[in-house]
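Chain by chain, the residues:
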Amino acid sequence: MWSIGIYTGESPYHLLPAAGISNPVLSHENVSDVPADFLADPFMVRAEGMWYMFFEVMNRQTKKGEIGLASSEDGLAWAYQQIVLSEPFHLSYPYVFEWQNEYYMIPETLQANAVRLYKAEAFPTQWSLLGSLVEGSLADPSIFFFENRWWIFACSTPYQHDTLRLYFASELLGHWTEHPANPIVEADKHRARPGGRVLVSGHKVIRFSQDCYPIYGSQVRAFEVCELTSDSYQEKESRQSPILKANGNGWNSLGMHHIDPHQVSAGQWIACVDGFSERRE
């Protein structure tokens, strides 16, 4: 089953299990307020001297994903807090981000047939719906701000994992427009489905994909965006890709499919990741 670990390293391309801890740092056993089958898709932010992590909790009783919260002082030792967002439909991939001193979240809400934006009314525990950004059954929507525009990558074949589409807007709440180059990835299970936070540094954009061949969530690949305008899109796979893969034993023995890397100082990065293995009760 899926669980969550912490990796560190010199760059988002070179990450290893963090020293001094035992992964996974969070699993279904840590969830105290609902019966949980697994945890996956972690995203974290640092606010007021604390790390806060949001992730999918698969509720065993309701058979749907809900969004859980954990906190940490150092990013290494984590304490589960509570479920912070639940809907009548499945939630996962809680892409949390800060913008103009406010906190927002775009979880995967494909069963609602839309990409929905939530805002923290009382961060980190209270979230309310602002509205829908893009219509359609879109998996793992990944938002970022680049060159004075907002952009969203999303997989439009959530059960085949082989088509990636791109959308853009001048304002966060829209109007959102489908990119004319869509689909920017087609019939390719290796690189179509988003696999974590999009990194933006100056004029450089890095996106991550979950490699869904030969099985769903087998490893994570990295792609450098070479050209990104409202008319064109080009990318190339990083020379260091894939950057995460199954370990062969332990908590991530069968696969890894998600990464959220953060630079904490020059030459020092920390990332929350997930991995899966067979559960032995």
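Residues numbered from 1 in each chain as written. Predicted model: local features only at pLDDT ≥ 70, side-chain atom pairs only at ≥ 80, totals over all residues. Heavy atoms only, no water.

Student: Just checking my understanding: could you explain the state of the cysteines for this structure?
Tutor: Think of a disulfide as a covalent bridge from one cysteine sulfur atom to another cysteine sulfur atom. For the structure on display, the rule yields zero disulfides. In this model cysteine 155 remains outside any disulfide bridge; the closest cysteine sulfur is found in cysteine 212, 7.6 Å from its own. (Disulfide = S-S within 2.5 Å.)

Student: Any chance you could explain the layout of surface pockets here in plain terms?
Tutor: Gaps left between atoms are located by rolling a probe of water-molecule size over the structure's atoms. Its boundaries defined by the atoms lining it, the largest pocket holds a volume of some 670 Å³. Around the largest pocket sit 27 residues that line it, and Arg197, Val198, Leu199, Val200 and Pro261 are the ones nearest its centre. Mapped by element, the contributors of at least two residues to the lining of the largest pocket are β3 (36–47), β7 (92–99), β11 (139–146), β17 (199–201), β18 (204–211) and β22 (259–265). Considering every element that reaches the lining of the largest pocket, the biggest residue donor is β7, with five residues. (1 Å grid on protein atoms, 1.4 Å probe; cavity = no way out; pocket = protein on both sides within 12 Å on 5 of 7 lines; lining within 4 Å. Points joined across faces, edges and corners; volume = space filled by probe spheres on them. Helix = DSSP H or I, 4+ residues; strand = E, 2+ residues; numbered from the N terminus.)

Student: Please clarify how the nonpolar core should be interpreted in this entry.
Tutor: Note on soluble globular proteins: their nonpolar side chains tend to be buried together. Formed by 50 residues in total, the largest nonpolar core has its most connected members in Phe54, Phe97, Trp127, Ile143 and Trp176. Excluding residues that lie within four positions of it along the chain, phenylalanine 97 makes contacts with Glu102, Tyr103, Tyr104, Met105, Ile106, Leu117, Ile143, Trp150, Leu172 and Arg197. Ala18, Val34, Val57 and Trp78 belong to the second-largest nonpolar core, a separate cluster that totals 20 residues. (Core = buried A, V, L, I, M, F, W, Y, C linked by side-chain atoms within 4.5 Å. Buried < 20%, exposed > 50% of the residue type's maximum accessible area, 1.4 Å probe, protein only. Contact = heavy atoms within 4.5 Å.)

Student: Help me out: how do you make sense of unusual backbone geometry in this one?
Tutor: For residues besides glycine, phi is generally negative; the peptide bonds are generally trans as well. The amide bond that connects asparagine 23 to the next residue, proline 24, takes the cis arrangement and shows omega of 5°. Looking at the element boundaries, proline 24 is found in the loop between β2 (14–17) and β3. Here the bond from serine 241 into proline 242 is cis, since omega is 0°, no more than 30 degrees from zero. Its location among the elements puts proline 242 in the loop between β20 (233–237) and β21 (244–245). Although it is not a glycine, glutamine 100 adopts a positive phi angle of roughly 50°. For glutamine 100, the position within the fold is in the loop between β7 and β8 (102–108). Here glutamine 100 falls in the exposed class, since its relative accessible area comes to 61%.

Student: Looking at this structure, I do not really get the sheet that holds strand β6 (residues 79–85). What am I missing?
Tutor: Strand-to-strand pairing in sheets goes through backbone hydrogen bonds, with the strands running parallel or antiparallel. Within the open sheet, the four strands sit side by side as β3-β4-β5-β6. Their pairing is antiparallel. Every interior strand has two partners, whereas the edge strands, β3 and β6, have only one. Taking each pair of neighbouring strands and ignoring which way they run, the sheet shows an average axis angle of 30°. Here strand β4 (residues 50–59) runs beside strand β5 (residues 64–72); their pairing, made up of nine bridges, is antiparallel. Residue pairing in the sheet places valine 57 in a bridge with glutamate 66 of β5. (Pairing = 2+ DSSP bridges. Axes fitted to C-alpha atoms, helices over the stretch in contact; angles between N-to-C directions.)

Student: Explain the pairing of β22 to me, please; I cannot follow it from the model alone.
Tutor: Relative to strand β23 (residues 268–276), β22 is paired through six bridges, and the arrangement is antiparallel. The residue bridging proline 261 from the neighbouring strand is alanine 271, located in β23. Turn length for the β22-β23 hairpin, with the two strands adjacent in sequence and antiparallel, is two residues, and the turn residue glycine 267 shows positive phi of about 70°.

Student: Even after reading the chapter, I still don't get the environment of leucine 254, so can you show me in this structure?
Tutor: If you trace the backbone, leucine 254 turns up in the loop between β21 and β22. Through-space distance from the C-alpha of leucine 254 to that of glutamate 108 is 23 Å; in sequence the pair is 146 residues apart. Filtering out sequence-adjacent residues up to four positions away, leucine 254 remains in contact with Ile215, Ala246, Phe276, Ser277 and Glu278.

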